[in-house]
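# Examining the three-dimensional arrangement
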Amino acid sequence: MTAFKPTRQNFCIYILCLLLSCAAHAQIGIGTVTPNASSILDITSTTKGLLAPRMTTAQRNAIASPADGLIVYDTDQKAFYYYVSTTSSWIFINNGVSPRLNFKRIRSTDNLATVLAAELAAGGGSKYVLTSNTLYEINGTVTFNFPIELNNAYIHGLDANEDIIAKTSGILFDGTTGGSIRSVTISAPGATVFNLNAASSTSTFLFRDSIIANSANVGTVSGFGLVFASIVNFSGNTNGITYSNIGQLLLSNQAWFSNNAGTYEKLTGTFNLVSKQGGFSNVATGAYGFDVSTPGLSISGDAVLESVVFTGPTPANYVRPYASGTYSGYNFNNSWSVRSAGIPTETDATATGDFAMDYPVGSGLGVAFNNANPSDIVKVGSGTPTTVYSNLFRFSTDAVNRLRYVGKKKRIFQISGSISFQVPAAGTYIIYIAKNGTMLTQYKIYGRGASTNDIVVLPLNASTEMVTNDYIEVFAQRYTGSNGNIVVPNMTLTIK
């Protein structure tokens, strides 16, 4: 038999037949010889799928004159899009979850000049100015060559141990706007992490669930209406962070490890509210944990340092205290409520003060009355008595034998003490505790001397509510007896 040899004529006949068959059926089958009657193209397989064109968002947007209905897979958004010519827009093919329109993923393999081209242009080629209200997802380790201006955007990683923002020199986050950073590690060896100086006192900066490690300087955050930092670990940094002129500073569960150096946290300027709660500060040798020593530091509202554990080899360096306005052995002024392990408790609830006036035997402080019975009521204390004031915490004295409360919170105090006095003749006397010069008559106490030069000893006890600048003194009155001075050799008073 002679072998069949295809000729040009035979090939043309074959192609013609194929075309006539397709025209007749108006269908094409791939993987099947019987395409479904309802389809123009029937692709059948049980082992393989259909792979659409894949491209980045920038590449999708760069398609020239896309046809109506054109479908592509966006590798940045991880989603299919189709084009609608009537609106000149790409539409997300809904998979049941609406995607963020203001979203951009930055991967470790990305070319930042391409992925953040618009942001770099907005920063004049020297800074990445993020797009406001846009979420930037960090994927892997991303090393920035220029500073980042937050511009009220959101930076978010999925795993702080794996999603890392790095910069090796200069400043990493720089600018006058706020924003949010979450779930990332920040590492700036040889660089400063923050140089944030808000232009508006209503700006907000949120920072949480993150790590700052091995940086030359954590930096400065200043001028914000609200700064909230929660669950942040600091490790291996050469110097810490300074907070300055902030309306509300909220620090929650900060962890400062002993491999940090310098001053961990420092406050300067004016604040309305400060709240630092939870966490720990393991202060290394030569370092300072919490620094409030800068002159002019002011809290217009309240400040709380609560449940922070201070540890380390040098307790004196746990807190660098206020330069003025503190009390012996304490660190803070009256704006603070402090209850943290490792440092003294300082709250209005623990305010206390006392004095003791004690003369040598045979002498004492004279107290003169008028000639009436009952006589006038006279303060026990004039001139320069031998009074010693001690244990003054949130109490002061601005007059002899007076204790003035200088805490900020109203509270009820217990007052106790004693007074000894020598009478000029037989008679009855009344001793009063007074607040702001007004006798607390319900606590007055009577004493009687039976004869000339008798010494009467009486206890002093009272309970009273006090607010800032209220003061306590002791007064005496002759109720009956001959005219003449009493002599007070000893008097003590304690408020707590």
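Presented here is an overview of the structure given in this document. Just so we're clear, the structure is a prediction, and the values are computed from it rather than from any experiment. (Residues numbered from 1 in each chain as written. Predicted model: local features only at pLDDT ≥ 70, side-chain atom pairs only at ≥ 80, totals over all residues. Heavy atoms only, no water.)

### Description of the overall build of the chain
Helices and strands together make up the secondary structure of the chain, namely four helices and 42 strands. A globule of 496 residues ought to have a C-alpha radius of gyration of about 23 Å, yet the chain, at 40 Å, is considerably larger. Buried residues in the chain amount to 44% of all 496 residues. Counted over contacts in the chain with a minimum sequence separation of 6, partners at least 24 positions apart contribute 57%. In the structure as shown, the chain presents an accessible area of about 23800 Å², 55% of it carried by carbon and sulfur atoms. Looking at the chain, you have 31 positive and 27 negative side-chain charges, and the mean spots of the two groups are 3 Å apart. (Helix = DSSP H or I, 4+ residues; strand = E, 2+ residues; numbered from the N terminus. Rg over C-alpha atoms; globule rule 2.2 N^0.38 Å. Buried < 20%, exposed > 50% of the residue type's maximum accessible area, 1.4 Å probe, protein only. Contact = heavy atoms within 4.5 Å. Areas by Shrake-Rupley, 256 points an atom, 1.4 Å probe, with all protein chains shown as cover. Lys, Arg positive; Asp, Glu negative; His and termini not counted. Charge placed at Lys NZ, Arg CZ, Asp CG, Glu CD.)

### Remarks on a nonpolar patch on the surface
Together, Ile28, Ile30, Ile40, Leu41, Ile43 and Leu50 make up a nonpolar patch on the protein surface, roughly 620 Å² of accessible area in all. Position of Leu50 relative to the elements: it lies in the loop between β2 (41-43) and β3 (54-55). (Patch = residues over 30% accessible without salt bridge, like charges linked within 9 Å, V, L, I, M, F, W, Y side chains within 5 Å. Salt bridge = Lys/Arg side-chain N within 4 Å of Asp/Glu carboxyl O.)

### Looking at the sheet that holds strand β5 (residues 79-84)
Spatially, four strands are ordered β3-β4-β5-β6 in an open sheet, and the strand pairing comes out mixed. Each edge of the open sheet carries a strand with a single partner, namely β3 and β6 (89-92). With four bridges connecting them, β5 and β6 associate as antiparallel partners. Considered in β6, the bridge of Tyr82 is made with Ile91. (Pairing = 2+ DSSP bridges.)

### What to know about the nonpolar core
Phe173, Phe194 and Trp336 are the most contacted members of the largest nonpolar core, which has 64 residues in total. Of all hydrophobic cores here, the second largest spans 34 residues; its members include Phe369, Ile419, Met466 and Val488. (Core = buried A, V, L, I, M, F, W, Y, C linked by side-chain atoms within 4.5 Å.)

### Some points on the pattern of salt bridges
Scanning all chains against the criterion turns up 17 salt bridges. Between Arg105 and Glu137 there is a salt bridge, and its shortest N-O distance comes to 2.9 Å. Taken as a pair, Arg105 in strand β7 (residues 103-107) and Glu137 in strand β9 (residues 135-139) lie far apart in primary sequence, 32 residues in all. On the basis of relative accessibility, which here comes to 11%, the residue Glu137 falls in the buried class.

### Remarks on the side chain of Asp470
For Asp470, the location among the structural elements is in the loop between β40 (455-466) and β41 (471-481). Within the local environment of Asp470, its side chain forms a polar contact with the backbone nitrogen of Val467, the two atoms lying 2.9 Å apart. What Asp470 contacts, discounting residues up to four positions off in sequence, is Leu403, Arg404, Tyr405, Lys435, Asn436 and Glu465. (Polar contact = N/O pair within 3.5 Å; in protein donor to acceptor, adjacent residues only side chain to side chain.)

### Quick word on the packing of aromatic side chains
Tallied over the full model, the rule gives 25 aromatic pairs. Measuring from ring centre to ring centre gives 6.3 Å for Phe310 and Tyr318, while their planes differ by 25°; the resulting arrangement is stacked. Both residues of the pair, Phe310 and Tyr318, count as buried. Grouped by ring-pair contacts, the aromatic residues Phe173, Phe194, Phe205, Phe207 and Phe224 constitute a single cluster. Here the guanidinium or amino end of Arg411 rests over the ring plane of Phe413, the centre of that ring lying 3.8 Å away. (Phe/Tyr/Trp six-rings, centres within 6.5 Å; stacked < 30°, edge-to-face > 60°. Lys NZ or Arg CZ within 6 Å of the ring centre and 35° of its normal.)

### Description of the pairing of β9
Residues in a regular strand project their side chains so that they alternate between the two faces of the sheet. Of all five residues making up β9, four are buried, and the element is well covered by its neighbours. Pairing geometry for β7 and β9, over five bridges, is parallel. Following the sheet pairing, Phe103 is matched in β9 by Leu135. Here β9 runs beside strand β12 (residues 154-157); their pairing, made up of four bridges, is parallel. From the neighbouring strand, Glu137 faces β12, where its bridge partner is His156.

### Describing unusual backbone geometry
A negative phi angle characterises most non-glycine residues, just as the trans form characterises most peptide bonds. The peptide bond linking Asn373 to Pro374 adopts the cis configuration, its omega dihedral lying at -5°. The topology assignment puts Pro374 in the loop between β31 (365-367) and β32 (378-379). Positive phi values are uncommon outside glycine, yet Ser183 reaches one of about 60°. One non-glycine residue, Asn453, lies in positive phi territory at about 70°. With respect to the helices, strands and loops of the structure, Asn453 is situated in the loop between β39 (445-449) and β40.

### So, the environment of Tyr446
Note on placement: Tyr446 falls in strand β39. The partly exposed category is assigned to Tyr446, whose relative accessible area is 44%. Residues Tyr446 and Arg478 lie 32 residues apart in sequence; the distance between their C-alpha atoms is 9.7 Å. With near-sequence residues (within four places) excluded, Tyr446 lies in contact with Thr428, Tyr429, Ile430 and Leu458.

### Describing the side chain of Thr57
Here Thr57 shows up in helix α2 (residues 57-61). At 2.8 Å, the side chain of Thr57 forms a polar contact with the side chain of Asp74. Setting aside its immediate chain neighbours within four residues, Thr57 contacts Asp74, Asp76 and Gln77.

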